[in-house]
Amino acid sequence: MTLLFKIGFLDVSIVNMIDIALVSFLLYQVYKLLKGSVAIKIFLGFLSIYLMYLLVRALRMELLSSILGQFMGVGVIAAIIIFAPEIRKFLLMIGRSSLLSDDNAWKDVLFFWRKKDNESFNITPIIDASKTLAGSNTGALMVISRSTELKFYAESGDILDAELSKRLLVSIFNKYSPLHDGAVIIHNGKIKAARCILPVTEREVPAQFGLRHRAGIGMSEATDSIILIVSEETGQISMAKNGKILHNMSFQEVRETLNDYLNSHDVDARFENLEDYQQKKKKKLAAMTSKSS
């Protein structure tokens, strides 16, 4: 073990520095995952109690150490239960970046005998349906999946397994249709299911976004799909991916983003964090207020 330097009685080696760097990176990723949600406050509470436990143990305060030690033992199980959705997102994030992820070339090398499905399909029906729905201020929520059929979410609604078409999408989201309340899941050129229930994000979202947007953002946090949202109030088009959003998009932007996503191009950089979007909105509102005054 190569010694780098000493701090008093403490020997610091290269391995120690790598260890500290990895722990820092892990804590930063956890912070990014929990940022903007209620869970961040619970996490900071757990962290504070753990630091207090380390302090009282170092000071040899036996009674308080034993009490906090018992709490920490039960706290691990409690944390798993409380942070179950966040742990799932964290594992999903690791899975996306692993060697066997769908976007990694290593998977094609290791599983060369498997036939690769053509993930790209004609998205014109989605664009045309979005134009019609936006023009009539009809709300819509479409989940476009590249890698999986999202069976868990599809089974929460009505299974259709129908060919993708503009007329079918417009009829599904018609206000008088029994299937309009919920989302449709689209995969490999087919509408897999309609009236699907999506997970709602627990993060703070701008006041102008309703339940449809919250569900779209929540679904983008839980899966690697891209979600298209048509606002019922304004007719504006939004898209969500990885907990980020693009708002008030043109139909050309929608087409380009969907095509790039289905062709496995990286589109994450185009989307905005909710916090950044809120800051921009506040600055724009402040500028308009100052102009009017």
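## With respect to the packing of aromatic side chains
Phase 1 of the analysis: Evaluated as defined, the whole model comprises 2 aromatic pairs.
Phase 2 of the analysis: Both rings, one in Tyr50 and one in Tyr53, keep their centres 6.5 Å apart while their planes meet at 35°; by these two values the pair is tilted. Placement of the pair is Tyr50 and Tyr53 together in helix α2 (residues 39–58), with a separation of 3 residues, close to one helical turn.
Phase 3 of the analysis: Residue class for Tyr53 comes out buried when judged on its relative accessible area of 15%.
Phase 4 of the analysis: Stacked on the ring of Phe251, the Lys or Arg Lys131 has its end atom at 5.8 Å from the ring centre.

## Remarks on the side chain of Asp224
Phase 1 of the analysis: Tracing the sequence through the fold places Asp224 in the loop between α9 (211–222) and β7 (226–230).
Phase 2 of the analysis: No salt bridge is formed by the buried Asp224, whose closest oppositely charged neighbour, Arg146, lies at an N-O distance of 4.8 Å.

## Some thoughts on the sheet that holds strand β8 (residues 237–241)
Phase 1 of the analysis: Strand order in the open sheet formed by 7 strands is β4-β6-β5-β3-β7-β8-β9, with mixed pairing between adjacent strands. Pairing within the sheet leaves two strands with one partner each, and these edge strands are β4 (158–163) and β9 (244–246). When the angles between neighbouring strand axes are averaged without regard to direction, this sheet yields 25°.
Phase 2 of the analysis: Relative to strand β6 (residues 190–196), β4 is paired through 4 bridges, and the arrangement is antiparallel. In the strand pairing of β6, Ile159 is matched with Ala193.

## A word on the pairing of β7
Phase 1 of the analysis: Burial analysis of β7 places 5 of its 5 residues in the buried class, the great majority of the element.
Phase 2 of the analysis: Taking every second residue as pointing to the same face, both faces of β7 are buried, with Ile226, Leu228 and Val230 on one and Ile227 and Ile229 on the other.
Phase 3 of the analysis: The pairing of strand β3 (residues 140–145) with β7 spans 5 bridges and is classified as antiparallel. Following the sheet pairing, Ala140 is matched in β7 by Val230.
Phase 4 of the analysis: Across 4 bridges, the pairing between β7 and β8 is antiparallel. Residue pairing for β8: Ile227 is matched across the bridge by Ala240.
Phase 5 of the analysis: Taking the residues that link successive antiparallel strands as the turn, the β7-β8 hairpin has 6 residues, and the phi of Gly235 there is positive, at about 75°.

Conventions we followed
Residues numbered from 1 in each chain as written. Predicted model: local features only at pLDDT ≥ 70, side-chain atom pairs only at ≥ 80, totals over all residues. Heavy atoms only, no water. Phe/Tyr/Trp six-rings, centres within 6.5 Å; stacked < 30°, edge-to-face > 60°. Helix = DSSP H or I, 4+ residues; strand = E, 2+ residues; numbered from the N terminus. Buried < 20%, exposed > 50% of the residue type's maximum accessible area, 1.4 Å probe, protein only. Lys NZ or Arg CZ within 6 Å of the ring centre and 35° of its normal. Lys, Arg positive; Asp, Glu negative; His and termini not counted. Salt bridge = Lys/Arg side-chain N within 4 Å of Asp/Glu carboxyl O. Pairing = 2+ DSSP bridges. Axes fitted to C-alpha atoms, helices over the stretch in contact; angles between N-to-C directions.

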